[in-house]
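So the chains spell out like this:
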Amino acid sequence: MNISAKPSIAFLGTGSMSGAILSGLLENAEAFGAVSATTRSAASRDALPSGTAESVALADEPGANQRLAAASDVVVLGVKPAQIGDLASEISESLRPGTLVISVAAGITIEALESCLPESVAVVRSMPNTPSHVGLGVTGIAAGSAATDEHVELARSIFEAVGDVLVVEEDQIDPLSAISGSGPAYVYLFAEAWTQVALDLGFTAEQAAVMVQGTFKGASELMVRSDDEPSELRRKVTSPKGTTEQLIKVLQDAELEPLFARAADAAIKRAKELAAE
Ligand SMILES: NC(=O)C1=CN([C@@H]2O[C@H](COP(=O)(O)OP(=O)(O)OC[C@H]3O[C@@H](n4cnc5c(N)ncnc54)[C@H](O)[C@@H]3O)[C@@H](O)[C@H]2O)C=CC1
Ligand SMILES: O=C(O)[C@@H]1CCC=N1
């Protein structure tokens, strides 16, 4: 690999997910060279955070993906799974040997992506999550067949700039996605449900937001800082013969663990379908 000390990074297809990585990275960009991004429309380009070396809409410059791919040490493919093959093929001839190509696409295998790219580039498959936006992401990464330890460390350094990183085998990426990739969605689902309960109990939207957001943030922070397991932290809230005991009993009667396992299985099954589409 012939990558500079401050590698340049191009985000091609910058929507919810790679936009979150881009935002988090720009807060912490000293270790990297020029960071650039492409979108399809001028409106989505205008919505990107400021601080990139270049943010280009394909509507203004149809060849921008190829130009930025040719100029960058790292290329992050941020499009939907169904679009990634076309994007990889589009930039294939522009990539320099040794370029690190990172995919964030759910389901799409390293083998499928490598088949659209020259053998001279390295692929890392990743599964990030949207809290990357605020530097609190969790990302799993798996090395492609031509990725050296140096490429993997470079990918790790990019995602560590926006949160925690787990280096895993590729067959763990779909299960990891069910836990942390999709994870923010089920946290928000719980927040939505408890907000509605608070509204139904007569609180205002502002009061509900303070209670729900404050509780999720406070409980998460306590869990991270404490040496106690979540079960022990829960026990400390649950006074014997108290109110929480009754609330938790109702929730546990719903058999949450098998329910969550079924939910994870559904996500993993969908990832396999995306790979086959
Ligand atoms: N949203 C999430 O929480 C996560 C998403 N992912 C993966 O991230 C990828 C993108 O998902 P989202 O960000 O949710 O979708 P999105 O639709 O918000 O972002 C994709 C963006 O790429 C643009 N685009 C499409 N083709 C393009 C091209 N040829 N050149 C430049 N821009 C192009 C689209 O206009 C869009 O703005 C997917 O592959 C998904 O599996 C992975 C982990 C989490
Ligand atoms: O829903 C999806 O397909 C992507 C992957 C994990 C989170 N969002």
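Definitions and cut-offs
- Chains are numbered independently. Their residues run from 1 in the order of the written sequence.
- Think of it this way: whatever chain is written first is A, whatever ligand is written first is 1, and the rest follow in order.
- Thresholds applied to this predicted model are a pLDDT of at least 70 for local features of residues and 80 or more for the giving and counting of side-chain atom pairs; totals over whole chains, interfaces and linings are not thresholded and use all residues.
- Counting from the N terminus, the helices are the DSSP runs of H or I reaching at least four residues and the strands are the DSSP runs of E reaching at least two.
- The contact criterion used here is simple: two residues whose C-beta atoms, placed from the backbone, lie within 7 Å are in contact.
- An automatic or database domain assignment supplies the start and end points of every domain.
- For this scheme, ten residues count as nonpolar: Ala, Val, Leu, Ile, Met, Phe, Trp, Tyr, Cys and Pro. Four count as charged, namely Asp, Glu, Lys and Arg, and the remainder, Gly too, count as polar.
- Once C-beta atoms are placed from the backbone, each residue is buried if 20 or more other C-beta atoms lie within 10 Å of its own, exposed if 12 or fewer, and partly exposed for counts between those two.
- Two strands pair under a simple rule: DSSP has to find at least two bridges between them.
- We count a residue as near a molecule or strand when its backbone-placed C-beta atom lies within 6 Å of that partner.
- Values of pLDDT, which run from 0 to 100, indicate the predictor's confidence residue by residue.
- UniProt positions are given in the numbering used here, feature names are shortened, and annotations may be inferred rather than shown by experiment.
- Throughout, an axis means a line fitted to C-alpha atoms (over the contacting stretch in the case of helices), and angles, computed between N-to-C directions, take values from 0 to 180 degrees.
- We call two directions roughly parallel when the angle between them is under 35 degrees, roughly antiparallel when it is over 145, roughly perpendicular when it lies between 65 and 115, and oblique otherwise.
- Should the near helix be turned counterclockwise from the far one by less than a right angle, the crossing is left-handed, whereas a clockwise turn marks it as right-handed.

A few points about the overall build of the protein
Counting secondary structure elements, the protein contains twelve helices and eight strands. Taken along its principal axes, the extent of the C-alpha atoms in the protein is 70 × 35 × 35 Å. The long-range share in the protein, meaning contacts at least 24 apart out of those at least 6 apart in sequence, stands at 65%.

Brief notes about the domain arrangement of the protein
On domain assignment, one finds that the protein holds domain 1 (9–173) and domain 2 (183–274). The straight-line distance from the C-alpha centre of domain 1 to that of domain 2 is 32 Å. Each residue belonging to the side of domain 1 that touches domain 2 can be placed in one class, and the counts come to four nonpolar, three polar and no charged.

Brief notes about the pairing of strand 1 (residues 9–12)
Burial of the side chains of strand 1 extends over both faces: Ile9 and Phe11 are buried on one face and Ala10 and Leu12 on the other. Sheet analysis places strand 1 next to strand 2 (residues 35–39), joined by four bridges and oriented parallel. Bridge pairing in strand 2 links Phe11 to Ala37. Relative to strand 4 (residues 74–77), strand 1 runs parallel, the two being bridged by four bridges. Within strand 4, the residue paired with Phe11 across the bridge is Val76.

Things to note about the site of ligand 2
Ligand 2 sits among Ala106, Ser177, Gly181 and Ser182. Taken together, the residues of the shell around ligand 2 sort by class into one nonpolar, three polar and no charged.

So, the site of ligand 1
Taken together, the neighbourhood of ligand 1 is formed by 25 residues, with Gly13, Gly15, Met17, Ala105 and Ala106 sitting nearest. The dominant element in the shell around ligand 1, judged by the number of residues it contributes, is helix 4 (residues 81–91), at three residues. Across the shell around ligand 1, the residue classes tally to eleven nonpolar, twelve polar and two charged.

As for the confidence of the model for the protein
When pLDDT is averaged across the protein, the result is 96; 99% of the residues are at 70 or more. Scoring of the predicted complex yields 0.96 for pTM and 0.98 for ipTM.

Focus: the UniProt feature "binding site: NADPH" (unreviewed entry) in the protein
The positions that UniProt labels "binding site: NADPH" (unreviewed entry) are, in the present scheme, Asn65. One can find Asn65 in helix 3 (residues 64–71). For Asn65, a count of 22 C-beta atoms within 10 Å corresponds to the buried category.

Some remarks on the environment of Asp73
Looking at the element boundaries, Asp73 is found in the loop between helix 3 and strand 4. Asp73 sits in the buried class, given 21 other C-beta atoms within 10 Å. In the structure, Asp73 is positioned 88 residues away from Ala161 in sequence and 17 Å away in space, judged by C-alpha atoms.

Focus: the UniProt feature "domain: Pyrroline-5-carboxylate reductase dimerisation" (unreviewed entry) in the protein
According to UniProt, the "domain: Pyrroline-5-carboxylate reductase dimerisation" (unreviewed entry) feature falls on residues 170–274. Taken end to end, residues 170–274 is 82% helix and 0% strand, and its two terminal C-alpha atoms sit 15 Å from one another.

Regarding the packing of helix 7 (residues 173–181) against helix 12 (residues 256–276)
One can describe the packing of helix 7 onto helix 12 by two numbers: an axis separation of 9 Å at closest approach and a directional angle of 135°. Between helix 7 and helix 12, the interaxial angle falls into the category oblique. Every pair of crossing elements has a handedness; the one defined by helix 7 and helix 12 is right-handed. Contact residues: helix 7 offers Asp174, Pro175, Ser177, Ala178 and Ile179, while helix 12 offers Ala264, Ala267, Ile268 and Ala271. For the contact of helix 7 with helix 12, a count of residues per class yields seven nonpolar, one polar and one charged.

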